[in-house]
Structures are given as structure tokens and as C-alpha cells.
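Here is what each chain is made of, one letter per residue.
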Amino acid sequence: MARGSKNPSLSRHCFLSLLMLESYWLLGSASQKPVITDPQLPLQEYAHSIRLDGDIILGGLFPVHARGERGVPCGELKKEKGIHRLEAMLFAIDLINKDPELLPNVTLGARILDTCSRDTYALEQSLTFVQALIERDGSDVRCANGDPPIFAKPDKVVGVIGAAASSVSIMVANILRLFKIPQISYASTAPELSDNTRYDFFSRVVPPDSYQAQAMLDIVTAMEWNYVSTLASEGNYGESGVEAFVQISRELGGVCIAQSVKVPREPKPGEFDKIILRLLETPNARAVVMFANEDDIRRILDAAKRNNQTGHFLWVGSDSWGSKISPVVQQERVAEGAVTILPKRASIDAFDRYFRSRSLSNNRRNVWFAEFWEENFVCKLGMHGKRPGSPKKCTGLEKVGRDSTYEQEGKVQFVMDAVYAMAHALHRMHRDLCSGFPGLCPRMANIDGKELLSYIRAVNFNGSANTPVIFNENGDAPGRYDIFQYQINNRSTAEYKVIGHWTNQLYLNTEAMQWTSGDSSVPASVCSLPCRRGERKKVVKGVPCCWHCERCEGYHFQASEFTCELCPYEQRPDQNRTGCRPIPIIKLEWHSPWAAVPVFISVLGIVATTFVIVTFMRYNDTPIVRASGREMSYVLLTGIFLCYVITFPMIAAPDAVVCSFRRIFLGLGMCFSYAALLTKTNRIHRIFEQGKKAVTAPRFISPASQLVITFSLISAQLLGVLAWFAADPPHTFVDYGEQRTQDPGNARGVLKCDISDLSLICSLGYSILLMVTCTVYAIKTRGVPETFNEAKPIGFTMYTTCIIWLAFIPIFFGTAQSAERMYIQTATLTVSLSLSASVSLGMLYMPKVYIILFHPEQNVPKRKRSFKAIVTAAAMTTKLSQLAAERPNGEVKTELCEGMEANVPSTKTTYVSYTNHAI
């Protein structure tokens, strides 16, 4: 071993040298010689310990004997607290060694010592557990023949079960922690042992006394009593109990102490009446938490009865009251409804069967069992018996429970749980370090106590009483208490009834509780009545348990008893204002009037447009259809159709697909329509402007050229939409601000596509620009003879369309702050698009359809004229318009007629060609 690894052992050896010098004298021979197991043999130097061989050795500390007197370390045998508990450890080891699932192929052994109920003696005994960890220096020692001594290697104890008394556990824990030996106690309950900085290797399967105060506080809290008084008997039990209760209540809050009253050790006459009157000074504090002895409890109840306070006080008693009868005899009415607690215990039936079967012949491993046999059956075992004055001689055929009284000691359950906790920790350690290795592997040859401690603190299993065995960070087991209530039934018979239990937290059956006169409702012990849901407490300054109630308003909810907080933006308070719930999400429904009207108009428009398209396609080669410009007419009708169709994606429930359709078709229908109309009006304008200069036709007036121009204009809209898709892919969002009303109950979230007002303007802006430009050209071509073109119908169409969109703008943007914004804006936009399409359809195509269907005689070819004649006529008409303002009526007409006769040859007749020169 390296030098550095020896230093801790040397330092511990120096620290304990004085104690070890004595321990070697006391215990040296016991570690080297076999234990005398025959009860007939002398027990003088071997009767202080039990040794069981095994692969892993556990230590045990039990108060087998009472404290001795007059310098004697040990006194009389303790049958129950000593032998019962010791046998419980042996019984648990037997069960574990027989269990194929727990520590398979590993045998547990034991080294059990007697503490004699004395802390100093237990300290000396516990040095046996650390002998294997202390190196012995035999360099200066020689045998009689000169050979170096041979020391028998003592058993290495990996963990200790015990001790019982807290004072003994404290003393032993200070030694074991130096050698990193884990310790699990089965009976030590001192709160001091919960200090993990001083007793870091100490654990226990019993709850500390501080849990009792916690359990009583939990009962008070469960009853919703926040204003209570305390009553304590003078002395360590009462004062420390009340102190723990007050301290925990201050740390956790929620319970205020109205008064703390103490009962003197030697009360004067009338003292208990004064205590009752003092408690009545705070009448709202009806609950009284009592840490008092039996006599004080009885006299307090008697004083309350004398002062006619039966039914006023709500008693909460500690384990000193428990389920005892003596405090409540002849005071049943005044004690009615009292809630008391008592540590939870269970009797192990298997142990009863085991212990009753023990005899001198089958229990030779217990070196104290012969002494127990003599004490239990009041007899003497031979000449070496411990009871020399006993007149009766033991036969060895006596039977426990038959020839003597037997009742299982209350801590047997905890002893077995402590042994099983150590076994489960070793089992998990073996599983991790020796996975698949039968028996102990080399890694567990020397078990590290600190590592074993971590496994102990992590155990979680059901113990011998089928209750969970676990440890907290301080090594404490959960507290387990039964909760009782003193009740008077219909037959006027009083009894303690179990109403719940406490295991680190309270489990209370409030339905089983009963108060004065059979009332099942819990009486109050409060300074102020609880606030209603949705109200916060405004605490009165200086009196934390008294308050005023204020309701949480607006979008605030009750976050705690004392605060109101604002709900997240997408949520609103629930009906009770105790939490927040999501704001309902709405969208424009198909059955809504705001949707029904636009859909009706759109359907009519789609039917009418389809009818026009079908009519034009059927009469595709007739003069009127050809004169209208078939190609451009179909483009224009497509735009009109899209203007009607856009109503449906605008009303449909938003999702990624619907939002994509909205982006694409919102401006596309208008773009188709006004690109076609702009191309037509521009063509008309260029033709007649060119006619003023020359008789040659302008460029790009053929149908193919017109389609190229139109689709070039449309492509600009499509490129803009594609750029929009690339920069910001379509998605939906919920607008919670649009309908965020003052009353949260009316708040709604609106499911929308991610099309802002600015995006809408940009999408429609290009189409509106085409519309305005088309209107300008319509104005410029207003003087063209209507005989030759559609300029005037197009002009009227554009004027009407401009009026529609001028009305749309204030309606759409003026309702931005309205609660009905979504409905109004959607309806306005869709109706405006439909009306625009209807104007174009009605003014440009319905007259043609009417002629085609009802006046087919007018749908015939007329006389043709050359392009030069058409341009000349147009120029003369323009000149007529200019001279009309300068000449009297008649003069202009005569002059123009003379001019036309001079310019147009009389020998040639020309017809308008709708095919080649349709305008």
C-alpha cells in the first residue's frame, strides 16, 4: 500500500489510541476465539456478543441489559427491548439469506453487541466494529520463543444496525463516521441526529420527533385553521414540542399563533380556570394545539367543562394524548371532536411465529437466550444459571406464549426494516459492481462505506409492515402516524376513531370526521373568513392572519392568496379567476351573414360569367364576338371569373394552402381584368393618335401582340407574388388584439393569414395602378365614335369601378379598430371585388350577349372599309368636335361634308372589317 494511503489510518489510530488500548483488553480474545454457544458452559468473557459467519458482516447494537448500578456496566436483562429486537435482526438475516432474489449467492453474517443502555459502554463495544480497519503494529512484540506475533484478522463490519437510545447512537455515530461505516438506527428519534454535517453516516428507519409537530401542523392546515393557540406542559416534552410547532408554522406560513400558554409544573388552585379564560381572550382561535401530559390534559378539559365551554374549543393533541382513555373519563362531551395522533406501528405475524418457536435447542446462536429463558419462565438452568435463588428448575420444554405471556415489542418492525434496508443497499451495490458474478466479486472485497451509504440513501422498498422504507437527504425515514378523532356515536358511546394517517404528508378522511352534535362540517378557527375564488388577500398590517378581500379585475387572475397577475396575452381568466385559459379562436364561418352575402353575390357572378364564356365560345365566329376581340375577351372574362372566385378562399378557414391561394388570387383577378382593359384602351388610343399623323397602322395592334402585352403586365403581378412567397412563406397566426375587449369573457382570438394591411395594399396596388391607368386612357379615348369601338363602355366601366374602390378604402381602413373588423373588412373586400367584376361583366358583355341571343339579325357582317377610311372618319369626327365650339350650328356640318366629299372617292365603297380592324 502506498504511503499516502496509510496516513488516514495512522491519524485515526493516534486519535483512538487510548480507547483502543482498553478495547484490546476487553475484546481482543473475543475476536480470536470461537463463541461459546453451549448454554451449559461458562459465559463469562464470551457472553457480550453474537457472531454469525457470512460473506458480509453486519454489526448490531441492542440494549440487551439495562444500565448497571454502582460501577457495574450492565444490569438486568431487558426481555422485550433487548431480546425481541435482537431476535428480529437474526430473523431478518435468516429471511434474507433464504431469499433467492435478494443478495443471491451472498450470505449475510452478524456481530451483535450489548450496549447495556449506556453510551460510554456502547462506545467501547463499538470499537469491535473498527478493529479490522486499524493496523496493528507488532514490531515491538515477540512471542515467548522469539517469533513475531500472529494476529487473527477480525471480522470487517460493513454496516451497523442500531442503536436504540439516541444518546447511544450519537456516541457511536461519532466513531463510525471516522471509519466511514454506515449506521441505521431502529429507535433513535432525537432531532439532533438529523444534522447531516455531524452525523453524515447515520440513518434511521424511525421518524424524528420533529415530524410530530409537522404532522400536527398539517392537520391544522387541512382543517383550514389559520388562527390557533398552543398549550404546553412545562418541561422538555411540552416546551420543545410547542417550539417545534411554532417554528415550522413560521417557516411555512399560513398559521398564526394567537396565544402560547404554559402549564406550570406545580399549578396553583384555579390555574386551569385562568388558562381557559386566557384562551377565551381570542375567541376566534378556537383550535388549541396541546403538547401536555395526561394529567394536564385531563385538568384542562375539566376546567373547560366548569366554565361552560363545551363545544367551543377544538383540541389537537400530541402522542401524549393519543388514544388514551384516562384523560377523557367523565369528560366525553367537552373532549368530543378532539384530533390526536399516535406513532404508527404494526405487528409482524411471521416474527411471532418465529419467536414462539424458539427454544434452548434451536437458538444456541443467541448467547443471551439462556438468560432470557430463565427470566421469562422464572426458572433456573443448572448450576451456572443466572437465577441462583429460583426454586424451579428449567426443563427446556417450556414454550414462549404458552407457558409465559408474550406480546411483540413495538420496535420489532423497525429492526427488520433496518436490516432489510442494509440488504437492499448491498444488493444494488452488488448488482452494479458484480454484474453477473456469483457471490462477491473482487470489487466488493473491501466495501467502501461512503459508496455503500449512497446506496442506503437510495433504497426504496416495502418494509415488513408493507410500508415504504425510504430515506431523505438527512437519512431520516418518513414519519408515520395514525390520526384519531374522539367521537360520540348515536348510542352516546365515545370512542377514538381512525380518520387518517401521516407519512411525510397527511392523508385525512374528512368524511369520517364528526364534530359536536353529529355535525360533519368542519368548524372554523380563523381570524378572517377565506376570500372567495378570484379574490386576493390584503393583509392587515401587523396581523398576518387577518385580511380584507379584493377581487382581481380585467385580465388578471388570482396567482396566489395575496397577488393578482396578468394572464398571458393569448389567455384570459377563467370563470373563477383562479387561473388562465386559452382565449377562444374564431374565424369567419360560412353560415355567418357576413359570409353569406358575399358568397351569394359571388355565386351569381360565377354563374353569369360562366354563361357569358359559354355563349362566346358557342358563337365564337360571329361578328360581334370577333369584333369584341375574342382573345382579349377571354382574358378579361378569366379575370372577372377570378374576382368572383377569390371570395371563397377569403372566407375559408385559414391554413397554409388557403393563405397561399389568397396571396395568389387576391390581386390576380383584377390584374387579369385591368391588364386586358388597359391593353384595349391603349390600342384604341394609339390607333386614333396614329391616324392623325399618317394612314399607316401603329405597331403591336394584332391579337397576338395584344396577348403578349397583357400577359407581360400580368407577369409583373406574378413575379411580385413569387417574391412575397420567397421572402415570407405563407402561414397563419392568431390575432388576439383585434377582439380584446374590456370584458375578458368577450375576448376572442381571430385566426388569420399573415396578410397585413400593408401587404394587402401592395398586392392590390399594382391592379389599382392598372385600373387608374386604364381610366386615364378611357378619358383620352372618350371622343372616339362609338360606332367603331368600345371606348365609351370601357370608360363607364372604369368610372364606376373607381367609385367602388374609393368607397372601399374608407370602409376597409375605417373599421380597423372595430370589434367586427374581421367580418366587415372581409365582406367589404370580397363584395368590392365582386362588384368590380359585375360592372365589367354587365357593361362590356351583357349587351353583346343580349344581341347574340335575342337579336341575331344584328349579329351579321356590315360593309367593310379600309383602315384609311376608318382613320379618316375618326379624324373628321375629332375635327367636328373641335369646330363645334367655334362655329354656329350648320356651318360646321356643311364644311365637314364638303371635306369628306373631296377626300373620299365616290367610285369606291368600303366596309368596316371587324376581323382586321376591330377596336
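Sequence order as written defines residue numbering, which begins from 1 separately in each chain. Side-chain atom pairs in this predicted model are given and counted only at pLDDT of 80 or more, local residue features only at pLDDT of at least 70, and totals for whole chains, interfaces and linings cover all residues. With hydrogens and water stripped out, all remaining heavy atoms of the structure feed into the side-chain values.

1. Concerning unusual backbone geometry
Move 1: A cis geometry characterises the amide bond from Gly162 onward to Ala163, with omega recorded as 5 degrees.
Move 2: For helices the rule is a DSSP run of H or I covering at least 4 residues; for strands it is a run of E covering at least 2, with both sets numbered from the N terminus onward. Within the secondary structure, Ala163 is located in the loop between β6 (157–161) and α5 (166–176).
Move 3: Phi is positive for Cys116, close to 55 degrees, though the residue is something other than glycine.
Move 4: You can see Cys116 is positioned in the loop between β5 (108–114) and α4 (119–126).
Move 5: Exposure is judged per residue with a 1.4 Å probe applied to protein chains only, and the accessible area is read against the type maximum: over 50% gives exposed, under 20% gives buried, and values in between give partly exposed. Look at Cys116 and you get buried, because its relative accessible area is 0%.

2. Thoughts on the sheet that holds β6
Move 1: Note on pairing: DSSP must find at least two bridges between two strands before they are called paired. Strand order across the open sheet formed by 6 strands is β1-β5-β2-β6-β7-β8, with mixed pairing between neighbours. Of all the strands in the sheet, just β1 (49–52) and β8 (202–204) have a single pairing partner and so form its edges. The average undirected angle you get between the axes of adjacent strands in this sheet is 20 degrees.
Move 2: Sheet analysis places strand β7 (residues 183–185) next to β8, joined by 3 bridges and oriented parallel. Only the contacting stretch of a helix is used when fitting its axis, a line to C-alpha atoms as for every element, and angles between N-to-C directions run 0 to 180 degrees.

3. Things to note about the packing of helix α3 (residues 79–98) against helix α11 (residues 349–356)
Move 1: For the pair α3 and α11, interaxial distance at closest approach is 11 Å and the crossing angle is 105 degrees. For the element pair α3 / α11, the angle class is roughly perpendicular. Of α11, the residues touching α3 (which contributes Ile83, His84, Glu87, Ala88, Leu90, Phe91 and Asp94) are Ala350, Phe351, Tyr354 and Phe355.
Move 2: Lys, Arg, Asp and Glu make up the charged group, whereas Ala, Val, Leu, Ile, Met, Phe, Trp, Tyr, Cys and Pro make up the nonpolar group; the residues left over, Gly among them, are polar. Each residue belonging to the contact of α3 with α11 can be placed in one class, and the counts come to 8 nonpolar, 1 polar and 2 charged. Any angle between 65 and 115 degrees counts as roughly perpendicular, while under 35 counts as roughly parallel, over 145 as roughly antiparallel, and the rest as oblique. When checking whether two residues touch, look at their non-hydrogen atoms; a contact exists if any pair is within 4.5 Å.

4. Considering the packing of aromatic side chains
Move 1: Any Phe, Tyr or Trp ring, taking Trp's six-membered ring, that has another such ring centre within 6.5 Å forms a pair; planes under 30 degrees apart are called stacked, those over 60 apart edge-to-face, and the others tilted. Evaluation of the coordinates by the stated rule reveals 22 aromatic pairs.
Move 2: With a centroid separation of 6.1 Å and an interplanar angle of 65 degrees, the aromatic rings of Phe91 and Phe351 are classed as edge-to-face. With Phe91 in helix α3 and Phe351 in helix α11, this pair connects stretches of sequence that are 260 residues apart. Each member of the pair, Phe91 together with Phe351, is buried.
Move 3: Feature note: the residues Phe91, Phe351, Tyr354, Phe355, Phe369, Phe372, Trp373, Phe377 and Tyr406 constitute an aromatic cluster, connected by ring pairs.
Move 4: Above the face of the Trp547 ring, Lys537 is positioned so that its terminal group lies 3.7 Å from the ring centre.
Move 5: Placement of a positive charge over a ring is assigned whenever Lys NZ or Arg CZ falls within 6 Å of the ring centre and within 35 degrees of the normal to the ring plane. It is Arg740 that lies over the ring of Tyr555; its NZ or CZ is 4.0 Å from the centre.

5. Brief notes about the pattern of salt bridges
Move 1: By definition, a salt bridge exists where a carboxyl oxygen of Asp or Glu is found within 4 Å of a side-chain nitrogen of Lys or Arg. The full count for this structure, using the stated rule, is 22 salt bridges.
Move 2: Of the charged contacts in the structure, one is a salt bridge between Asp482 and Lys344, with a shortest N-O distance of 2.9 Å. Of this pair, Asp482 sits in strand β16 (residues 480–488) while Lys344 sits in the loop between β13 (339–343) and α11, and the two are 138 residues apart along the sequence.
Move 3: With relative accessibility at 28%, the residue Lys344 sits in the partly exposed group.
Move 4: Put simply, Asp403 and Arg402 hold a salt bridge, and the shortest N to O gap is 3.0 Å.
Move 5: Judged by its relative accessible area of 40%, Asp403 is partly exposed.
Move 6: Judged by its relative accessible area of 54%, Arg402 falls in the exposed class.
Move 7: Among the charged side chains, a salt-bridge network with shared partners connects Asp273, Asp302 and Arg306.

6. A closer look at the environment of Arg626
Move 1: Its location among the elements puts Arg626 in helix α16 (residues 623–627).
Move 2: Residue Arg626 is classed as partly exposed on the basis of its relative accessible area, which comes to 31%.
Move 3: Once the C-alpha coordinates of Arg626 and Phe616 are considered, the two residues, 10 residues apart in sequence, prove to be 9.5 Å apart.

7. Here's the deal with a nonpolar patch on the surface
Move 1: On the surface, Phe611, Tyr850, Leu853 and Phe854 cluster together to form a nonpolar patch covering roughly 420 Å² of accessible area.
Move 2: If one sorts the elements of the nonpolar patch by residue count, helix α24 (residues 846–854) sits on top with 3 residues.
Move 3: In this structure Leu853 comes out as partly exposed when scored by relative accessible area, which is 33%. A patch consists of residues exposed above 30% relative accessible area that lack any salt bridge, with like charges linked at up to 9 Å and nonpolar side chains (Val, Leu, Ile, Met, Phe, Trp, Tyr) linked at up to 5 Å. Shrake-Rupley sampling with a 1.4 Å probe provides the accessible areas, and residues are treated as covered by the protein chains on show and by no other component.

8. Focus on the environment of Val831
Move 1: Tracing the sequence through the fold places Val831 in helix α23 (residues 821–844).
Move 2: Val831 sits in the partly exposed class, given a relative accessible area of 21%.
Move 3: A C-alpha to C-alpha distance of 5.6 Å links Val831 and Pro598, two positions 233 residues apart in sequence.

9. Some remarks on the confidence of the model for the protein chain
Move 1: The pLDDT score gives, residue by residue, the confidence of the prediction method on a 0 to 100 scale. This prediction gives the protein chain a mean pLDDT of 80; 82% of its residues lie at or above 70.
Move 2: Under a pLDDT of 50 for its full length, residues 1–46 has, in the predicted model, 55 contacts with residues more than four places off or in other chains.
Move 3: Considering only residues more than four positions removed or in separate chains, one finds that residues 889–919, a stretch of pLDDT under 50, has 46 contacts.

10. Details of the nonpolar core
Move 1: As used in this record, nonpolar core signifies buried Ala, Val, Leu, Ile, Met, Phe, Trp, Tyr and Cys residues forming a set joined through side-chain atoms within 4.5 Å. Met89, Leu108, Tyr186, Phe351, Leu426 and Leu452 are the most contacted members of the largest nonpolar core, which has 72 residues in total.
Move 2: Per-element tally for this core: the top contributor is helix α13 (residues 412–433), with 14 residues.
Move 3: One finds Ile606, Val635, Ile714 and Ile852 within the second-largest nonpolar core, a separate group that totals 46 residues.

11. Some remarks on the state of the cysteines
Move 1: What counts as a disulfide here is a pair of cysteine sulfur atoms lying within 2.5 Å. Across all of its chains, the model carries 8 disulfides by this definition.
Move 2: The partner cysteine of Cys379 in its disulfide is Cys394, sulfur to sulfur 1.7 Å. Here the S-S torsion is close to 95 degrees, and the disulfide linking Cys379 with Cys394 is therefore right-handed. Placement of Cys379 in the loop between α12 (369–377) and α13 and of Cys394 in the loop between α12 and α13 is noted, with a sequence separation of 15 residues between them.
Move 3: With relative accessibility at 0%, the residue Cys379 sits in the buried group.
Move 4: One disulfide in the model links Cys659 with Cys753; its S-S distance is 2.0 Å. As the torsion about the S-S bond is roughly -90 degrees, the Cys659-Cys753 disulfide counts as left-handed. Separated by 94 residues along the polypeptide, Cys659 in helix α19 (residues 656–693) and Cys753 in strand β27 (residues 748–753) bring together distant segments of the chain.
Move 5: According to the relative accessible area criterion, Cys753 is buried, its value standing at 4%.
Move 6: Here Cys774 stays free of any disulfide, with the sulfur of Cys802 as its closest cysteine sulfur at 8.9 Å.
Move 7: For Cys774, a relative accessible area of 0% corresponds to the buried category.

12. Focus: the pairing of strand β2 (residues 56–62)
Move 1: Counting buried positions along β2 gives 7 out of 7 residues, so the element sits mostly inside the fold.
Move 2: What you see with β2 is no split at all: Ile56, Leu58, Gly60 and Phe62 on one side and Ile57, Gly59 and Leu61 on the other are buried throughout.
Move 3: Relative to β6, β2 is paired through 4 bridges, and the arrangement is parallel. Among the inter-strand pairings, Gly59 is bridged to a residue of β6, identified as Val160.

13. Quick look at the sheet that holds strand β26 (residues 732–739)
Move 1: Sheet architecture is open: 3 strands sit in the order β25-β27-β26, paired in mixed fashion. Both outer strands of the open sheet, β25 (585–586) and β26, are each paired with one neighbouring strand and no more.
Move 2: Sheet topology note: the β25/β27 ladder contains 2 bridges and is parallel. Its bridge partner being in β27, Ile585 is matched across the sheet by Gly749.

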